[in-house]
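# A closer look at the structure
Here are the chains, one letter per residue:
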Amino acid sequence: MNGYVKRMSFQQFMELTTTLLSLLLVMAVDSTRTVAVSGSQQCGNSVQQTLKLTRLLKKESVDLIETYKASQGEMSEDLCNLSVNNIPDPNISGLEPSERIASIYTHLQAFLTHFKRVYEQQTDLQLPSNPLLAELTNVSTRSRNLASLINSFYQSLFPNLPMPEPAGGPTTLPPPQNVFQQKVYGCAVLKTHLEFLSNVYRELRTLKSKVCRGI
Amino acid sequence: MTQRLGVVLLLCCFTAAPPAAAGHDNYLVTAPHPEAVEIGSDFTATCMIIDTAEVTADDLYWNVSQATVPKEQYTKINRTALNVTIRVSGEEVEWLFCLCKKVSVNVVLNQGKFMHGILLRKGYRPRRPENLSCITLQEGSLFSPVITCSWVTGPQTKVCPTKFTLFLKVINHSAHNVSTVESSASVAMSIFPNYMELEIWVEAKNTLGTVESERLKREAEYFVKTNPPANIQIISEKSFPTSLLITWSPPIDKHYVTLKFEIRFCQNGSHEWTYVPHSDTAMDIQSFRLQKLLPDSVYVTQVRCKNLKDDQGYWSTWSTNATKRTPEDRPTGKPDLWKFVDSHDVGKRLVQFICKDPVLTNGRITRFKMKIGSQEWIIPVNHSEADGRSNHRRITSLKKVHLSDKKSLVYVTAVNSVGESAPALIVIPEKGRELGPVQQLRVGVQGGQMWLQWTPPNTGTVKEYVVQWLTGDVLDWQRENRSTRHTVIKGNLEKFVCYNVSVYPIYSGGTGQAATVQAFLEQSVPLSGPNVELTSKAGHTEAELQWKEIPQNHRRGFITNYTIFYQSGDKLHSVTVPSNTTSFTLTGLSGNTRYNTWISASTIAGSTKGNNHSFTTLRYATGEIEFIMAGASLGFLFVIVMTMVLCISKKDIIKRNFWPQIPNPGESTIGNWSPDQPSKAETPKQNCLSGISVLDMDMCDGKMVFDEDKTSLSLKKDKYLSEEHSSGIGGSSCMSSPRQSVSDSDEGGDLADTTASTVQYSSVVASNGYKGQTPSSQPQSAFFSRSESTQPLLDCEENPDILVQDGSRQSQRFLRRPAEEALEPKDFCPLEEDSELTLTDEQSGDWLPTAAASSYMPQLGGYRQQ
């Protein structure tokens with residue numbers, strides 16, 4: 001009788017222990033999931049903001065190209081169909097997300113330099129009241145904002161990885177150009193920039209699904 | 001230890017203090033000299049004596065604004081230093097002076113060197129800016145690059161202002177700041193940093209300290225406020241009479257901000273908005289369909305927007321009104337059918353049917369269809385659109401129908417452009433078979449509304465009640481359900497108007513009998529008072545007044561009473577009579593007095609005076625004059641009768657006095673002494689008496705003869721003269737005083753020639769006209785002459801018995817007067833007796849004919865005198 005009692009007590013102890021362990025395990029899992037959800041939400045918000053800004057920048061770039069074409073006089077459509085060298089590649093390079101995000105950043109920086117040149121050229125070609133100049137400034141500033149968001153996003157994702165410097169060194173600008181070349185150059189920069197933004201938008205959507213879910 | 005440290009610090013302060021003491025040879029130096037002192041804090045200052053041993057710290061004292069600081073607040077550091085601690089209060093700038101008592105002449109003479117002051121610029125320590133909020137408005141198709149922020153600040157003084165610096169940092173990008181002393185500031189950027197994270201805070205700083213507000217770390221869209229949605233359009237579709245489709249354009253491209261919307265709408269004229277639930281519009285939409293609207297109703301719609309994220313952005317202002325009418329639909333519900341009986345005739349009832357449009361006409365009612373038995377009428381109506389769509393239910397007179405005494409069922413439907421309503425039914429019960437009315441109907445007014453209360457009738461089961469109110473030609477009604485015992489009239493009742501309020505119980509068998517009361521929503525004083533007038537002429541002490549009731553539309557309340565005012569002079573009397581009185585008799589009035597009267601009609605709200613009416617009471621009461629006249633008449637009659645009786649009874653005496661017996665001269669013995677006389681005397685014999693009589697009247701009554709009579713007299717005189725004139729007897733007897741002798745004129749000479757003997761008479765002629773006699777144009781002088789008559793004296797002069805005969809004869813001789821006149825009693829005028837005047841013959845001749853009524857007595861008297 002006593003032996004039975006002892007056996008029963010031990011059995012009860014084991015059950016209690018199992019229950020407690022199970023509870024602890026559940027709590028641990030839940031805690032981990034909460035942290036993951038929180039990080040994922042933060043990542044998602046950050047990407048979402050970047051996506052929105054990219055979309056806005058795309059929209060403004062489209063408007064800018066229209067304004068640019070309207071401001072260049074006749075043959076503006078033909079001007080924009082010509083290809084130009086020494087313009088950043090619209091494609092995003094790199095295999096890893098960190099590399100691709102860094103590529104976005106460096107491309108943006110490169111485009112900013114070209115935008116500056118285009119602005120200078122168009123300042124000479126257009127009247128100060130021409131909305132093209134204001135739009136160029138806006139898109140340029142907006143690109144800078146996007147670059148800072150990308151940088152921030154990169155640092156939030158890869159805090160221990162410093163943003164790499166551009167692979168090809170400082171951005172190279174085209175040599176002095178005549179007016180026609182300037183017009184062609186400007187349109188090529190804008191169009192390439194727009195194409196690049198489309199790629200960025202796609203990339204960010206991919207990153208959002210890949211990176212933020214993985215956090 | 002602490003004290004020593006303080007002293008050291010103070011010495012440092014003195015060293016660093018303005019060189020007021022050293023530069024100006026002051027013997028007192030104060031410290032510290034702060035830029036500002038905090039209001040509400042304790043401030044400690046030290047005064048130190050330098051370069052003199054003439055005074056000590058015990059001789060020092062402190063003043064703040066001319067007031068000496070109590071010694072309890074002093075702390076003596078050593079023999080040459082004195083501390084003071086004061087509580088800084090007030091906002092004005094003050095001086096805190098360290099002064100020295102006048103302990104020596106030198107101190108008195110160099111008072112300026114024995115003082116030093118600290119300027120206390122007071123201020124508040126900056127408070128943390130609270131409620132920081134920032135906003136960016138839409139500018140064109142973008143957001144403005146200017147962000148305006150505002151905050152709540154603490155108090156500050158002019159001498160210690162607080163400077164605020166607004167910091168705006170675009171995270172990982174740029175930073176901006178702007179300073180101000182106001183509680184708001186704007187930061188301008190190159191473009192609005194969409195989708196960037198901003199950090200905004202305010203720093204408040206003054207000489208007393210620095211403090212920062214909380215930091216707003218938000219996305220840029222948190223601060224945006226867009227323009228209201230544009231191009232609001234409402235689409236009305238005929239197939240959806242209860243729906244309107246709203247479309248709009250977002251004020252800004254969705255790439256800048258994703259918006260959500262809010263819609264509100266109301267019926268035109270209403271001020272109560274209905275909000276579409278947020279759950280239906282809190283999304284990026286550009287159209288919305290409003291449902292469950294009323295057909296044929298005008299709706300006003302507005303839309304506004306804000307950032308889709310709940311906690312971000314500000315609501316834009318509401319868009320401009322967009323107005324649209326919903327399509328028409330067939331009338332919902334039934335017309336409200338009612339009736340009133342115009343007249344009852346044997347075998348027929350003339351009933352007027354009226355109805356209100358259905359509650360929801362859903363369009364313009366174009367006609368009503370009315371059906372009684374097999375008879376059907378179409379009553380077209382031509383109401384304006386405004387009528388049909390107003391909230392007031394229009395009343396339409398349908399048809400006046402002669403109904404038989406039997407029970408009748410009347411159906412009415414309302415028709416609009418879309419369709420026909422359900423029929424309304426009213427049952428007119430058999431004549432005389434109407435069921436009983438409600439009991440104990442009471443009406444009152446509360447809160448500007450008229451309420452009714454009743455108890456249900458005992459007869460039958462009531463389906464519903466109809467409350468009807470009627471004033472003049474205006475009739476309206478409302479329906480109440482069967483359980484109602486107390487209700488409020490929902491129509492637009494006017495103040496000061498009398499309403500006949502009736503409650504009809506509606507039975508399944510028809511309309512019951514009405515219970516009716518009169519009521520006012522609010523009473524006022526009557527618009528005009530009653531017009532008072534006299535019923536008839538006012539009496540001596542009473543007057544009956546009458547007036548007409550004030551017209552119903554002028555009463556403006558229930559007349560409680562009339563007050564009659566009547567006033568004579570300063571006395572004002574009043575009488576109050578009940579409201580059902582229209583006449584009243586004023587009594588106790590004064591005779592022959594003018595009264596002013598008016599009537600005031602009173603309601604519970606006051607009185608209104610009617611017109612004034614004046615009347616004068618009679619001097620005599622009714623019949624009084626008649627009574628006096630009758631009395632006077634009777635008195636006069638009595639006098640007449642009495643006189644007649646007296647005359648009859650005293651006939652002899654009167655006769656004797658008025659017609660004395662005159663002796664007949666014919667029978668006088670003197671007739672015998674003139675034999676020629678008879679031939680001349682025969683002719684006037686018939687009138688001898690009258691001739692004599694006339695002569696006497698000349699003297700008695702000639703005074704009263706009027707001038708016109710003299711004409712006739714002169715004619716007669718001529719006549720008389722043609723008859724050889726009278727003798728001096730006649731003339732003297734009348735004209736002269738009886739006491740004097742009578743002398744005839746020269747004409748008498750002729751007579752004397754005819755007489756056998758001549759008697760000399762004396763004649764007295766008055767120098768002046770006789771009293772009452774017309775004065776002669778010829779100058780007259782009094783003289784006395786002796787008659788040349790030779791006529792012998794009558795026997796009667798010696799013997800009175802024959803006097804009559806003699807006179808008679810003279811009459812016969814000279815005057816041809818009717819015999820009856822000659823028989824009149826002659827009385828001698830006493831006045832003549834007194835007079836001593838004697839007329840000449842000529843004068844006497846003038847007066848002779850007028851003396852018809854004279855008595856013969858003067859002559860007789862005259863004779864007596866002679």
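Placed above this text is the structure.
Before going into details, it helps to say that this report is about the structure given with it. Fair warning: this is a prediction, and the values are worked out from it, not measured in the lab.

Rules behind the numbers
- Residue positions are given per chain, counting from 1 as you read along its sequence in written order.
- Chains carry letters and ligands carry numbers; both start at the beginning, A for chains and 1 for ligands, and go up in the order they are written.
- Whole-chain, interface and lining totals are the exception, using all residues; otherwise, since this is a predicted model, local features are given only for residues with pLDDT of at least 70 and side-chain atom pairs are given and counted only at 80 or more.
- For side-chain calculations, the full set of non-hydrogen atoms in the structure is used, while hydrogens and water are omitted.
- Under the scheme used here, helices are H or I runs from DSSP no shorter than 4 residues and strands are E runs no shorter than 2 residues, and both carry numbers assigned from the N terminus.
- In this analysis, two residues are considered to be in contact whenever any of their non-hydrogen atoms come within 4.5 Å of each other.
- Only rings of Phe, Tyr and Trp enter the pairing, Trp through its six-membered ring, and a pair is recorded when the two centres are within 6.5 Å. The plane angle decides the type: under 30 degrees is stacked, over 60 is edge-to-face, the rest tilted.
- In this analysis the charged atom, NZ for Lys or CZ for Arg, is taken to sit over a ring once it is within 6 Å of the ring centre and within 35 degrees of the ring normal.
- By definition, the buried area sums, over both parts, the 1.4 Å-probe accessible area that each loses when the two are put together.
- The residue classification treats Ala, Val, Leu, Ile, Met, Phe, Trp, Tyr, Cys and Pro as nonpolar and Asp, Glu, Lys and Arg as charged. All others, Gly included, are polar.
- We define a salt bridge as a side-chain nitrogen of Lys or Arg found within 4 Å of a carboxyl oxygen belonging to Asp or Glu.
- Burial classes: relative accessible area under 20% of the type maximum marks a residue as buried, over 50% as exposed, and values in between as partly exposed (1.4 Å probe, protein chains only).
- Note: two strands are recorded as paired if DSSP finds a minimum of 2 bridges between them.
- What counts as an axis is a line fitted to C-alpha atoms, over the stretch in contact for a helix, and the angles between N-to-C directions run from 0 to 180 degrees.
- Here, the term nonpolar core denotes a set of buried Ala, Val, Leu, Ile, Met, Phe, Trp, Tyr and Cys residues that are joined through side-chain atoms within 4.5 Å.

All names here are of chain A. Considering the arrangement of structural elements, one finds Leu-190 in helix H5 (residues 179-214). Separated by 72 residues in the primary sequence, Leu-190 and Val-118 place their C-alpha atoms 9.1 Å from one another. In this structure Leu-190 touches Leu-64, Ile-65, Tyr-68, Phe-115 and Leu-136, once residues within four positions along its chain are discounted.

Bringing the packing of aromatic side chains into the picture now. Residues and elements named next belong to chain B. Enumeration according to the criterion identifies 18 aromatic pairs over all chains in this entry. Grouping aromatic residues by their ring pairs yields a cluster made of Tyr-566, Tyr-595 and Phe-615. One Lys or Arg, Arg-264, reaches over the ring of Trp-273 and ends 4.3 Å from the middle of that ring. Directly above the ring of Phe-240 sits Arg-289, whose terminal nitrogen or CZ lies 5.1 Å from the centroid.

Contacts between the two partners involve 19 residues from chain B and, on the opposite side, 15 residues from chain A. The contact between chain B and chain A buries some 1500 Å² in all, and 56% of this surface belongs to carbon and sulfur atoms. By the criterion of area lost to chain A, the three top residues of chain B are B:Ile191, B:Tyr195 and B:His255, representing 40% of everything that side buries. For the side of chain B that touches chain A, the residue count by class is eight nonpolar, six polar and five charged.

Quick look at the pattern of salt bridges now. Side-chain pairing between opposite charges can occur once the charged atoms of the two side chains come close. Residues and elements named next belong to chain B. On inspection of all chains with the given rule, the structure shows 25 salt bridges over all chains. Between Asp-476 and Lys-356 there is a salt bridge; the shortest N-O distance is 2.7 Å. Pair noted here: Asp-476 is in strand S38 (residues 474-481) and Lys-356 is in strand S29 (residues 348-356), with a separation of 120 residues, a long-range link. Residues Asp-476 and Lys-356 agree in their burial class; the two are buried. Where salt bridges share partners, they join Glu-92, Glu-94 and Lys-122 into one cluster.

This part takes up the sheet that holds strand S31 (residues 375-380) of chain B. All names here are of chain B. Ordered by their spatial adjacency, four strands build an open sheet running S31-S30-S33-S34, and the pairing between neighbours is antiparallel. Each end of this open sheet is capped by a strand with a single partner; those strands are S31 and strand S34 (424-428). In this sheet, adjacent strand axes meet at a mean angle of 20° when their direction is disregarded. Here strand S30 (residues 365-372) pairs with strand S33 (residues 408-416) via seven bridges, running antiparallel.

For the rest of this paragraph, the subject is the sheet that holds strand S35 (residues 439-446) of chain B. Residue and element names in this part refer to chain B. A sheet is described by the order of its strands in space; here three strands give the open sequence S35-S36-S39, paired in antiparallel fashion. The open sheet has two edge strands, S35 and strand S39 (486-488), and neither has a second partner. Direction aside, neighbouring strands of the sheet carry axes that sit 20° apart on average. Note: S35 against strand S36 (residues 449-455), six bridges, orientation antiparallel. Note on S36: the bridge partner recorded for Val-445 is Met-450.

Turning next to the nonpolar core. Judged by nonpolar contacts, the single largest core of 91 residues is most densely connected at B:Ile147, B:Ile200 and B:Trp248. For this core, the element with the most residues is H5(A), which contributes 14 residues. Once residues within four sequence positions are removed from consideration, B:Ile200 is found in contact with B:Leu132, B:Cys134, B:Ile147, B:Cys149, B:Leu166, B:Phe167, B:Leu168, B:Glu214, B:Arg215, B:Leu216 and B:Phe223. Listed in part, the 27 residues of the second largest apolar core include B:Ile354, B:Phe368, B:Val412 and B:Tyr504.

Don't take any of this as a statement about function, it's just geometry.
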